[in-house]
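What follows is each chain in one-letter form.
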Amino acid sequence: MKTESTLEKILAAGHLAVTSECGPPRGALPAKIKEKAEMLRGFVDAVNVTDNQTAMVRMSSLAACIFLRQMGLNPILQMVTRDRNRLAMQSDILGAYSHDIDTMLCLSGDHPHFGDHAMAANVHDVDSIQFVDMVRTMRDEGKFQGGEPIDGPPKMFIGAAANPFADPFELRVARLAKKVKAGVDFIQTQCIYNVDKFAKWMEGVRDRGLHEKVYILAGITPMKSAGMARYMKNKVPGMDVPDELVKRIAGVPKEKQADEGIKICIETIERCKEIEGVNGFHIMAIEWEQKVPEIVEQAGLLPRPSVN
Amino acid sequence: MITAERKPMDELTEYVKPFGRILLVGCNECVTVCAAGGRKEVGLLSSALQMHFMKEGQPFEVKEITLERQCDPEYVEELVPHINQVDAVLSMACGCGVQEIARRYKEKPVFPAVNTKFMGASESQGIWAERCQGCGDCVLGITGGVCPIARCSKQLLNGPCGGSTKGKCEIDPGVDCAWQLIWDRLKALGKSDLYEENIPAKDWRSGRGGGPRKIIREDLAS
Amino acid sequence: MQNFEPVIVAFCCHYCAYTAADMAGSKRLSYPPNVKIIRVPCSGKVDAIHLMKALQKGADGVYVAGCLDGDCHFKTGNIRAARHVDHVKRLLGEIGIEKERVEMFSMSAGMGEKFAEVASDFTEKIRKLGPNPINRTAFAEARQAIG
């Protein structure tokens, strides 16, 4: 065991882990994040807290994670390389660990172009792979990226993202290999609608033995409507939504589309359970967090294991 | 070359309107190649400015001159015979040239006529694209001749990110994904194993991060 | 503006537009004397600066007349000319001078009627538009002087 992270313990014990996510509010009022997080208690093992998602300013992930910790939940600190240089990043990691936040996700982040501050400087002092390497060095060697020793190294369980659906496909397994080489402990994938493509990617992952070196959580997002399906298919980069799926949802009357979306979601989870190398699920119910308990239950993932 | 684009006319007329006579200085190198500040553009801008002030009924004269380049003191010196006959200088060179004129002719107001953009190359006639950001530590040898600092929107050294779509960048379908280009080149060169190497975090001191830079050649400096 | 006679400069390519002008002449088709014709080997030779200088020196309207699409004796000179005209229109727009004061027209060598029609229509358009704004102050002063 590399850390005290509950998520690590659950995965190490061989259970299928379940994580979900919460977006902090667009202001300084903590009530909303506490509400969203509370809905997930008992249904997930850990909760991602996003970092200025889609490049829109929100309460800092670190601050929101502290609230979750105080509520007795397990937050996963998401951090992007877009907004901070390596000093600020290491500083925030130390701050997080001092508040018992022991799990984090290292990401590049959406380009400011998509957000509310397109005019901001795009930092990227380091990229996500160098970031993973940096956190691992802090944890395992007790050293800052610059080489100096850390007085009280943070024992972070290190996660990153993987997107089997972005182009070019032939590189997507190699990119995971790079993250594994850098020291990543667990991966959450982009949400899966094209299970066949995901299975193909997993085949490549297994061919290189990567499934034995990193825990893989399959990303799952329920469709709310045919409109959402079409939007995700056409407007979101790096997303693969098969035509049959859009047709299936569109073929159902509007009031029934949300239910159909949940059905598809459960089916996806069941299919992914059968894929060797999948160690759990990361359920991202964007603006639909209240559905997570239902999904976890119907997918047969309750009760959540307890570990110490 | 260094690329630039002429500033909008209303900004330029604002700069020069307090003056009765200006020296409009072009440059025969980069800004000529990207059609922003060479002899031709000096002629056009001169005509446009004069017509603007004639319309306003305001007397305004333009002296036109195009130097070989404005980033070497020997050429900037050539303005000496003209400088006292004008009230201000409007330079069509890149930021380097404007500053060298300002440095040499301290008492004369100098204004930029163009917005300097980037170091780039011609993709085809009339189209120039960014190629280099002067990071000071070139990695082109291991990325198949495509720069991830200048051409990846997130300057990833271990790309691509999850937003790469059909060889294009997530922010604009008109922008190539640099890492797609790098991968294609490495494959073509039979060097795809280079991709597997994790490139470590960059030392930005060789670039802008270390402060304004200077090169001193002992063998050439007097 | 009863006393306003527009000064029009027309750059005409030797192979088509200028020949059309000749044709108009031999057919006794009249066109306004306001139009001063300048013969060029190809409309593509007319650069943006020539159009700007014509206006700067007081022309109220300027046009380039070249060959019909695909018929340019030098292949793409007429396309270049059209681009130069567009470039000048944009520049004029930026300094607050009407873009209609510069135009591009196409005709073949035999189109005498077209030549005369273009000359008349353009002159009328500029007459309605009024004097080149850079002349306005000078024009107004001159009018005042005459009384």
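Calculation rules
- Residues numbered from 1 in each chain as written.
- Chains lettered and ligands numbered in written order.
- Predicted model: local features only at pLDDT ≥ 70, side-chain atom pairs only at ≥ 80, totals over all residues.
- Heavy atoms only, no water.
- Contact = heavy atoms within 4.5 Å.
- Buried area = accessible area lost by both parts, 1.4 Å probe.
- Salt bridge = Lys/Arg side-chain N within 4 Å of Asp/Glu carboxyl O.
- Polar contact = N/O pair within 3.5 Å; in protein donor to acceptor, adjacent residues only side chain to side chain.
- Nonpolar A, V, L, I, M, F, W, Y, C, P; charged D, E, K, R; others polar.
- Pairing = 2+ DSSP bridges.
- Helix = DSSP H or I, 4+ residues; strand = E, 2+ residues; numbered from the N terminus.
- Axes fitted to C-alpha atoms, helices over the stretch in contact; angles between N-to-C directions.
- Core = buried A, V, L, I, M, F, W, Y, C linked by side-chain atoms within 4.5 Å.
- Buried < 20%, exposed > 50% of the residue type's maximum accessible area, 1.4 Å probe, protein only.
- Right-handed = clockwise from strand over helix to strand, strands pointing away.

> Mind showing me how you'd approach the interface of chain B and chain A here?
It is common to give the size of an interface as the accessible area that goes away when the parts come together. Chain B puts 29 residues into the contact, and the matching count from chain A is 32 residues. When chain B packs against chain A, the two sides together hide about 2500 Å² of surface, and 47% of this comes from carbon and sulfur. Remark: the boundary between chain B and chain A carries two salt bridges. With a closest N to O distance of 2.8 Å, Glu196 of chain B and Arg208 of chain A form a salt bridge. For the interface between chain B and chain A, the tally reads 25 residue pairs in polar contact (both at pLDDT 80 or more). For the side of chain B that touches chain A, the per-class residue count stands at eleven nonpolar, eleven polar and seven charged.

> Got a minute to help me understand the sheet that holds strand E4 (residues 102-106) of chain C in this structure?
Residues and elements named next belong to chain C. Spatially, E2-E1-E3-E4 is the arrangement adopted by the four strands of the open sheet, whose pairing is parallel. The open sheet is flanked by strand E2 (35-40) and E4, the only strands paired with a single partner. In this sheet, adjacent strand axes meet at a mean angle of 20° when their direction is disregarded. One ladder, built from five bridges, connects strand E3 (residues 61-66) with E4; its direction is parallel. The residue of E4 that forms the bridge with Tyr63 is Glu103. With respect to the sheet, helix H1 (residues 17-26) is in contact with strand E1 (8-13), E2 and E3, its orientation differing from that of E1 by roughly 110°. Along the sheet, helix H4 (residues 112-129) makes contact with E1, E2, E3 and E4, crossing E3 at roughly 160°.

> Please clarify how the nonpolar core should be interpreted in this entry.
It is characteristic of soluble globular proteins that their nonpolar side chains tend to be buried jointly. Membership of the largest hydrophobic core comes to 71 residues, with the highest contact counts inside it found for Met104, Phe131, Phe198 and Phe281 of chain A. The dominant element in this core, judged by the number of residues it contributes, is helix H5 (residues 128-141) of chain A, at six residues. Among the nonpolar cores identified, the runner-up in size contains 49 residues, and Leu49 and Val114 of chain B together with Phe11 and Val88 of chain C belong to it.

> Looking at this structure, I do not really get the interface of chain C and chain B. What am I missing?
If you look at the interface, chain C gives 17 residues, while chain B gives 15 residues. Per-residue buried area on chain C facing chain B is highest for Gln56, Glu94 and Ile95 of chain C; these three make up 39% of the total on that side. Remark: the boundary between chain C and chain B carries six residue pairs in polar contact (both at pLDDT 80 or more). Put simply, the parts of the chain that give the side of chain C that touches chain B at least two residues each are helix H2 (48-56), helix H3 (77-94) and helix H5 (133-146) of chain C.

> Sorry, what's going on with unusual backbone geometry here?
Glycine aside, the phi torsion of most residues is negative, and most peptide linkages are trans. At the junction of Asp167 of chain A and Pro168 of chain A, the peptide bond is cis and its omega measures out at -15° in the coordinates. As for its position among the elements, Pro168 of chain A is in the loop between strand E5 (157-162) and helix H6 (169-182). Residue Pro160 of chain B is bonded to the preceding Gly159 of chain B through a cis peptide linkage, with omega at -5°. Unusually for a residue other than glycine, His124 of chain A sits at a positive phi of about 45°. In this structure, Ala35 of chain B takes a positive phi of about 55° despite not being glycine. Looking at where Ala35 of chain B falls in the secondary structure, it is placed in the loop between helix H2 (30-33) and helix H3 (39-55). With relative accessibility at 47%, the residue Ala35 of chain B sits in the partly exposed group.

> What is the right way to read the pairing of strand E1 (residues 17-22) of chain A from this model?
Sheet faces and side chains relate simply in a regular strand, where the side chains alternate between the two faces. Residues and elements named next belong to chain A. Summarising burial for E1: six of the six residues are buried, a large majority. Burial along E1 is two-sided: Ala17, Thr19 and Glu21 facing one way and Val18, Ser20 and Cys22 facing the other are all buried. Where E1 meets strand E8 (residues 278-283), four bridges bridge the pair, whose relative direction is parallel. Opposite Thr19, over in E8, you have His282 as the bridge partner. In terms of strand pairing, E1 meets strand E2 (residues 46-49) through four bridges, oriented parallel. Looking across to E2, one finds that Cys22 is bridged to Val49. With helix H2 (residues 31-40) bridging E1 and its parallel neighbour E2, the resulting β-α-β unit is right-handed.

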